[in-house]
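Chain by chain, the residues run as shown.
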Amino acid sequence: MQLGDHQGVIFDLDGTLVDSKLDFSVLCQQLGWPAGTPILEHLATITDSNEYLRAVTIIEQFELAGAQSADWMPGAAELLALLQQYQIPTAILTRNMRSATQHCLQRLGIAVDLVLTREDAPAKPDPTGLLIIAGHWQKAPADLLFIGDFHFDLSTARAAGMPSCLYLNPDNGHYRDQADFVLQHFAELAQRYQQKMTPVTSS
C-alpha cells in the first residue's frame, strides 16, 4: 500500500497538525523532574496526593498555554479540507487533555470526524485509541494511516497493526527507520490523494 491508498487518516496533534511551541524540557524543569522524563508515565507513579495535584496543575497550565499559542503546520489545513472533500475520514489521537485539545481545535477551526484525548483512551503508546477509531469507522487498522512526529506515535501504530507516517522536523529524523512512510510537507500527501481521486481519461 502506498501513501494516498489509505481509507482513513489519523493525526497526532502537537508537532503534527499544529505547532504548539511546547518545550517539554521546560515542563520537566517546572516539575522538577529530569529532562526527558515521560510526563504522563511518571505522573502515574506519584503516590503523594499533594505532589500529584501540584504536578497535574503545572501540566494542565502548560498544555493550555500550548493550545493558546498553537498554529497550523504548513499544508495541514489544506490536507484536511481535501480529505473531507474526498470523504476520507479523519481523526486526531493525542496525549493531551480534552479541554486543551478542544480549545486548540476551536481556536484554529480544525474539523475532523473523531477526536480522542488521554481522557477518552489510554495514552499512547497504548494502541487502544487507534483501535477504537478503526472500530468506529468499521475499517481494518491495516487500511488506515497514523501520522505523528514522535516515536510514541510510530510504536502506537505498530502495536495497532496500522501503517505509520513520520512527519519530519529538524529533530526527529532518527525515527525514520521506525516509520512505514515519511512526510516532509503535507502537500506531498495531498498530491497523492489528488492523483488517486482524479479520474484518468483517455484522449
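Rules used throughout
- Residues numbered from 1 in each chain as written.
- Predicted model: local features only at pLDDT ≥ 70, side-chain atom pairs only at ≥ 80, totals over all residues.
- Heavy atoms only, no water.
- 1 Å grid on protein atoms, 1.4 Å probe; cavity = no way out; pocket = protein on both sides within 12 Å on 5 of 7 lines; lining within 4 Å.
- Points joined across faces, edges and corners; volume = space filled by probe spheres on them.
- Nonpolar A, V, L, I, M, F, W, Y, C, P; charged D, E, K, R; others polar.
- Salt bridge = Lys/Arg side-chain N within 4 Å of Asp/Glu carboxyl O.
- Helix = DSSP H or I, 4+ residues; strand = E, 2+ residues; numbered from the N terminus.
- Buried < 20%, exposed > 50% of the residue type's maximum accessible area, 1.4 Å probe, protein only.
- Polar contact = N/O pair within 3.5 Å; in protein donor to acceptor, adjacent residues only side chain to side chain.

- An unreviewed UniProt entry lists the protein chain under the name HAD family hydrolase, with Rheinheimera tilapiae as the source organism.

1. As for empty space enclosed by the protein
A probe as big as a water molecule, rolled over the atoms, marks out the empty space that is left.
Then comes step 1: This structure, assessed with the given rule, holds one cavity of 30 Å³ or more.
Then comes step 2: For the largest cavity, the calculated volume is near 40 Å³.
Then comes step 3: Residue lining of the largest cavity: Leu-13, Asp-14, Ser-20, Leu-22, Glu-63, Gly-66, Ala-67, Asn-96, Ala-100, Thr-101 and Cys-104, and that is the complete set.
Then comes step 4: Looking at the lining of the largest cavity residue by residue, the class counts come to five nonpolar, four polar and two charged.

2. Observations regarding the pattern of salt bridges
Note on pairing: side chains with opposite charge can pair once their charged atoms come close.
Then comes step 1: What the rule picks out here adds up to eight salt bridges.
Then comes step 2: The residue Asp-71 makes a salt bridge to Lys-21 at a minimum N-O spacing of 2.8 Å. With Asp-71 in strand E3 (residues 71-72) and Lys-21 in the loop between strand E2 (18-19) and helix H1 (24-31), this residue pair connects regions lying 50 residues apart in the sequence.
Then comes step 3: Residue Asp-71 is classed as partly exposed on the basis of its relative accessible area of 39%.
Then comes step 4: For Arg-98, the salt bridge is made with Glu-119, and the minimal N-O distance between the two is 4.0 Å. Of this pair, Arg-98 sits in helix H5 (residues 98-108) while Glu-119 sits in the loop between strand E5 (114-116) and helix H6 (128-137), and the two are 21 residues apart along the sequence.
Then comes step 5: Classification of Arg-98 as partly exposed rests on a relative accessible area of 35%.
Then comes step 6: Bridged by salt links that share partners, the residues Asp-12, Lys-124 and Asp-153 form one connected network.

3. A short note on the layout of surface pockets
Then comes step 1: Put simply, the largest pocket is a space of about 960 Å³.
Then comes step 2: Lining the largest pocket are 36 residues, and of these Asp-14, Leu-22, Phe-24, Asp-149 and Phe-150 lie nearest its centre.
Then comes step 3: For the lining of the largest pocket, the secondary-structure elements that each account for two or more residues are H1, helix H2 (39-43), helix H3 (49-69) and helix H7 (151-160).
Then comes step 4: Top contributing element to the lining of the largest pocket by residue count: H1, with four residues.
Then comes step 5: Partitioned by chemical class, the residues of the lining of the largest pocket number 14 nonpolar, 10 polar and 12 charged.

4. Details of the environment of His-174
Then comes step 1: Looking at where His-174 falls in the secondary structure, it is placed in the loop between strand E7 (164-167) and strand E8 (181-183).
Then comes step 2: Between the C-alpha atoms of His-174 and His-151, which are 23 residues apart in sequence, the distance is 9.5 Å.
Then comes step 3: Only 3.4 Å separates the side chain of His-174 from the backbone oxygen of Asp-171, close enough to count as a polar contact.

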